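Structural characterization, general
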Amino acid sequence: MTIENFKAFSQGCFRDCPPPCSCACPLGVDVRALMDKVQKKNFTSAYRLYRNHVLFPAIVSSICHEPCREACVRRGAGQEILLRSVEAACVAHTKNSAPISFNVPVKPHTVAVVGAGLSGLSCALKLASRNYRVLMYEREKQPGGALRRLMHEEVYLKEIALQFSEVECGMFFSTEVKNLSALKADAIYVATGGGGEDFGLLKGLDGNSLGSTQTGIFVGGEILGHTPIEAIEHGIRASYSIEKFLQCGAMDGVPETFMKSPVRKVFYQMPLSSAPRTMNEGDLSPEVVQAESQRCQRCNCSLCHDQCDLMQTFRTYPPKMVQDAISSLGPRENITQRVGMKLLNSCLQCGLCKKVCPEHVDMEQCLLEARRSLHLDKALPPAYHDFWLRDMEFSNGPASLLYKPCTDHPVEYLFFPGCQLGASDPAYVTATCTALQTQYPRTALLLGCCGVPAEWAGNERLRDTALDFVRQTWLSLGKPRLVLACPTCRKTFLHYFPEARCGSLFQMLANMPDLPISRVQSCGGQDISVYDPCSSRDDPDLQKDIRALVVQMGFTVHELAVGGPLARCCGFGGQTHAVKPEFARDVAARRAALADREYITYCTNCRDSFAANGKACRHVLDLVFTGNSPFRRPPTISERRRNRIWLRNYYENMGGQARTPKPQGGPDMQMVFTREIRDKIEWQHILEEEVAQVVDHCERTGKKVIDPETGRFTGHKTLGLMTCWVEYATEGDVAIIHNVYSHRMTIEDNPQG
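Described in the following lines is the structure provided in the data block. This structure is a prediction, so every number in the text was calculated from the model and none was measured.

Moving on: the sheet that holds strand β13 (residues 598-601). An order of β12-β11-β13-β14 is seen for the 4 strands of this open sheet, with the pairing classed as parallel. Edge positions in the open sheet fall to β12 (556-557) and β14 (617-619), since each of these has one partner strand only. Examined bridge by bridge, strand β11 (residues 527-531) and β12 share 2 bridges and lie parallel to one another. Paired with I528 across the two strands is V557, which belongs to β12. Strands in contact with helix α28 (residues 604-612) are β11, β13 and β14; relative to β14, the strand with the most contacts, it is inclined by about 160 degrees.

Take a nonpolar patch on the surface next. Together, W646, Y650 and M654 make up an exposed nonpolar region whose accessible area comes to about 300 Å². With respect to the helices and strands, the residue Y650 is situated in helix α30 (residues 637-653). You can call Y650 partly exposed: its relative accessible area is 32%.

Now for the pattern of salt bridges. A complete count under the given rule lists 53 salt bridges for this structure. Taking the shortest distance from any N to any O, the salt bridge between R69 and E66 comes out at 3.8 Å. The exposure class assigned to E66 is buried, which follows from its relative accessible area of 11%. E281 is the salt-bridge partner of R69, the closest N and O atoms lying 3.0 Å from each other. On the criterion of sequence distance, the pair formed by R69 in helix α6 (residues 67-71) and E281 in the loop between α11 (255-258) and α12 (286-294) is long-range, its members being 212 residues apart. Relative accessible area serves as the criterion here: at 47%, E281 is assigned to the partly exposed category. Taken together, the salt bridges that share partners define one network made up of E66, R69, E70, R75, E80, R277 and E281.

Moving on to the nonpolar core. In this structure, I59 and I242 are the most contacted members of the largest nonpolar core, which totals 62 residues. In this structure, I59 is in contact with L118, L147, M151, Y156, E159 and I160, ignoring residues within four places of it in sequence. Listed in part, the 38 residues of the second largest apolar core include F415, L445, A485 and V620.

Taken N-terminus to C-terminus, the directions of helix α23 (residues 460-476) and helix α24 (residues 487-496) make an angle of 90 degrees; their axes are 12 Å apart at the nearest point. Classed by the angle they form, the pair α23 and α24 counts as roughly perpendicular. Two secondary-structure elements touch here, α23 through R463, L467, V470 and R471 and α24 through T492, F493 and Y496. Looking at the contact of α23 with α24, its residues break down into 4 nonpolar, 1 polar and 2 charged.

The next point concerns the packing of aromatic side chains. As enumerated under the stated definition, the model contains 20 aromatic pairs in all. Ring centres of F713 and Y728 lie 5.6 Å apart, and the angle between their planes is 40 degrees; on these two criteria the pair is classed as tilted. Taken as a pair, F713 in strand β18 (residues 712-719) and Y728 in strand β19 (residues 722-731) lie far apart in primary sequence, 15 residues in all. Ring pairs connect the aromatic residues Y403, W646, Y650 and Y651, which therefore count as one cluster. Taking NZ or CZ as reference, R641 lies 4.5 Å from the ring centre of F394, over its face. Across the ring face of F713, the terminal group of K704 is positioned such that the distance to the ring centre comes to 4.0 Å.

Tracing the sequence through the fold places G732 in the loop between β19 and β20 (734-743). Assessed through its relative accessible area of 62%, G732 is described here as exposed. Measuring from C-alpha to C-alpha, the distance between G732 and L343 comes to 48 Å, with 389 residues separating the pair along the chain.

This part covers the sheet that holds β19. Taken in spatial order, the 5 strands line up as β16-β20-β19-β18-β17 in an open sheet, and their pairing is mixed. Sheet topology places β16 (670-672) and β17 (705-707) at the edges, where each strand pairs with a single neighbour. Taking each pair of neighbouring strands and ignoring which way they run, the sheet shows an average axis angle of 40 degrees. Across 3 bridges, the pairing between β16 and β20 is parallel. Residue pairing across strands places Q670 opposite V734, the latter belonging to β20. This element, helix α32 (residues 688-701), spans β16, β18, β19 and β20 of the sheet and lies at about 115 degrees to β18.

Okay, the environment of F631 next. Topologically, F631 is positioned in the loop between α29 (620-626) and α30. In sequence terms F631 and A92 are 539 residues apart; their C-alpha atoms lie 64 Å from each other.

Sheet topology note: the β19/β20 ladder contains 9 bridges and is antiparallel. Residue pairing for β20: W725 is matched across the bridge by Y741.

About the criteria used
Residues numbered from 1 in each chain as written. Predicted model: local features only at pLDDT ≥ 70, side-chain atom pairs only at ≥ 80, totals over all residues. Heavy atoms only, no water. Pairing = 2+ DSSP bridges. Helix = DSSP H or I, 4+ residues; strand = E, 2+ residues; numbered from the N terminus. Contact = heavy atoms within 4.5 Å. Axes fitted to C-alpha atoms, helices over the stretch in contact; angles between N-to-C directions. Patch = residues over 30% accessible without salt bridge, like charges linked within 9 Å, V, L, I, M, F, W, Y side chains within 5 Å. Areas by Shrake-Rupley, 256 points an atom, 1.4 Å probe, with all protein chains shown as cover. Salt bridge = Lys/Arg side-chain N within 4 Å of Asp/Glu carboxyl O. Buried < 20%, exposed > 50% of the residue type's maximum accessible area, 1.4 Å probe, protein only. Core = buried A, V, L, I, M, F, W, Y, C linked by side-chain atoms within 4.5 Å. Parallel < 35°, antiparallel > 145°, perpendicular 65-115°, else oblique. Nonpolar A, V, L, I, M, F, W, Y, C, P; charged D, E, K, R; others polar. Phe/Tyr/Trp six-rings, centres within 6.5 Å; stacked < 30°, edge-to-face > 60°. Lys NZ or Arg CZ within 6 Å of the ring centre and 35° of its normal.

Keep in mind that these numbers describe shape and distance, not what the molecule does.
Here is the structure:
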């Protein structure tokens, strides 16, 4: 994918986009930041921010026509924020209203401003603060323009004097300009007010830059029919256009000054908290104003962040995530590096972000595409996904098998349990297969993996190879109906293998008249919660089937807040564990803590993740067939492999067709592990058989060192991408394992060293 393709992923995201009130404000006041400060009663800081936008805060907070109020998302409920009163309070309660003086180099240009109304004053103030020589001409005896009919003279004159107190500006009152050519200036801004002299400049005026057809002359303000507040914005805009003209001779202005952010209608679709108004207009007491500011929604979307564990952990949002993805894909030597690798590979690939986003921003797909691009560039850290790719290879190799019933009739159903169901407990597969074949004698069994580990690793070639294995088997059997037990397999096949007409195992079980349902109790009685795996989120029929089956068993289902269409990942998705194991553990712990009740789930990864956290949880097949305890310890990765080999051997002995010969026996030496060492190699994804291979290698080759104090040996062997070290002692044909550690690196032996 190109960089532009990746940018498109976050184009719909409106995080940090200006809220409707700021978009409607001619002066672009940052209402969100202003309210943050007022909520903390930091009126002085709020005043500074407000002054930077409006230039004359005491004036604007008195006469503004409040377009922000019309745009407020609360207006439909009659609860719009009294923003102008909040702004007036900032002016009233600031501890320091003096303008900040900056030491700016003197500019070698003179600018003439014709008219000392709000627009002319604004342009003059901005240019004078940047140390241009500004000469202002006003036909009246004092500044103000339209302000004379809008507010008390002493108020606006005091404010004008205050804001000009730190700049130098030549002001010539009672001076009417009749001929612009008489002005000795490098640029001119005409702001003569409503009905004022336009000097024939309005025809052909650039509405964006405010530049006229005469070089160096700009026009704006109420003379163009705008409100006083809009006139201030014209003056500010003109100051930038004039500065650009003085620097490079262009009359087209600065786009940033006239490009307005559109009001995003989606803001009006966001949920509103109930917050009736308690403030009356004109009441500027600090406590009342603070309470009013707290009613403000501050209109910023965080729906995906609030639901996404990844965004919360990395403290990020879609636009930043896309930038990190782009930076990772296109590093520049000695300039940038591939950043965000952990972020890209820690995504659980659950798709909840898109589900909750009003604009359907899909960060799951974005980060998956980033993984694919990095894989093709050979830049994806292989250690992040190595174990699971090898595990998939094992599932589709030594552990794979096709078992067909002894019948001359065509196969009607093909049961595909996936790689993890039997790995968790072989009885899940054997009992289910027996029940299916009893009810539907023409049911075949295929042991293998759907390819999702390769999908999560960005390796489309390996994913397609795994899918083709299932597809070719399905075709060879005459296209039977595929029966799936794993929601992740179901999601994968529905997307990449839709022609298979995937059916739900659980719907078939619920409809079996002679199903031997166990009327077992949950650990808390008959009250349970169904935990929907994230891969079932867009499969409401599957979720309904599960509940029907559980209710049929006599349980009362109490729904979780994150179930159904908001189903969330248990922490297993995306192969996150190898990238950021503490993140995967934390996610599982959060999900386990959602309710005190026992969980019933239909994903073995969910069940085993929760069981590892001590959560009472059973797979729905435990209720139907196995009777397993809700506190059954999850199998280790080594036990999972042994379970799959047991299944393969079991069905091979019944006449099943394996893809590869039976695995040969491993090293002869028996391994003894402590619970601590078993836990350690489990979290490091090191198999017991790999430890045995290291010990066997050390014993056969003699490549080991001995600690004379303990009598223990230490040696290493490279296993794929991993080099594994083992510290052990021997007692006859038994190796007692004292420590195991690994690095994703290769040790090159030097025979001459």
